Amino acid sequence: MSEETELLAKVYAAFNRREVETVLAALAPDVDWPNGMEGGRVRGRAAVRDYWTRQFALVQSNVEPLNFKTEEDGRIRVDVHQVVHSNDGKLLSDQMVQHVYTFRDDLITHMEIRGAEELSTSPQTA
């Protein structure tokens, strides 16, 4: 397992425990992060923290990494089982997605979400 993959495994575990500061420490100060809940992107650690604060107030999500793969361009692709419940326990989503990470100086600089629809059509999943 590469150092980047080991870091990502720790990041997923910390995220699921809601240890936001632990996750933020693995992000570059100028990180470019997807806003999977509201759309668009957020930039910088403070913006990611604010996004997660809003997200955690509305839903309970769990992301379980199942497979890590280095893509041809050097990015790390993670196949993720994502389950989201409302705060009153109603299941909102249970699906497979992909997260794709770019690193610089051992920190995450960019993350992309590929949704369930893209999984079946993406040439990189063949």
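It should be noted that the structure appears before, not after, this text.
Worth saying up front: this structure is predicted, and the values here are computed from it rather than measured.

(A) Summary view of helix α1 (residues 3-16). Taking 1.5 Å of rise per residue, 14 residues should cover 20 Å, and α1 covers 20 Å from first to last C-alpha, within 8% of that figure. For α1, the full list of buried residues reads T5, L8, V11, Y12, A14 and F15. Buried residues along α1 sit against α2 (20-25), α3 (45-58), β3 (59-70), β4 (76-86), β5 (91-104) and β6 (107-114). R18 sits one or two residues past α1 and shows a positive phi near 65°.

(B) Spatial organisation of the nonpolar core. Ranked by internal contacts, the top residues of the largest apolar core, which has 26 residues, are L8, L27, W33, V48, W52 and Y101. Broken down by secondary-structure element, the contributors of at least two residues to this core are α1, α2, β1 (27-34), α3, β4, β5 and β6. Looking at this core, the element that brings in the most residues is α1, giving 5 residues. Contacts of L27, omitting those with residues within four sequence positions, involve W33, R45, V48, W52, L107 and I108.

(C) Local environment of the sheet that holds β4. Reading across the sheet, the 6 strands line up as β2-β1-β6-β5-β4-β3 and stay open at both edges, with mixed pairing between neighbours. Whereas interior strands pair on both sides, the edge strands pair on one side only; in this sheet they are β2 (41-43) and β3. Across the sheet, the mean angle from the axis of one strand to that of its neighbour is 20°, orientation sign disregarded. Where β1 meets β2, 3 bridges bridge the pair, whose relative direction is antiparallel. Each residue of the ladder has a partner; that of D32, found in β2, is R43. The sheet strands contacting α1 are β3, β4, β5 and β6, and the helix crosses β3 at an angle near 170°.

Parameters and conventions
- Residues numbered from 1 in each chain as written.
- Predicted model: local features only at pLDDT ≥ 70, side-chain atom pairs only at ≥ 80, totals over all residues.
- Heavy atoms only, no water.
- Helix = DSSP H or I, 4+ residues; strand = E, 2+ residues; numbered from the N terminus.
- Expected span 1.5 Å × (residues − 1).
- Buried < 20%, exposed > 50% of the residue type's maximum accessible area, 1.4 Å probe, protein only.
- Contact = heavy atoms within 4.5 Å.
- Core = buried A, V, L, I, M, F, W, Y, C linked by side-chain atoms within 4.5 Å.
- Pairing = 2+ DSSP bridges.
- Axes fitted to C-alpha atoms, helices over the stretch in contact; angles between N-to-C directions.

Any functional reading would require information beyond the geometric quantities listed.
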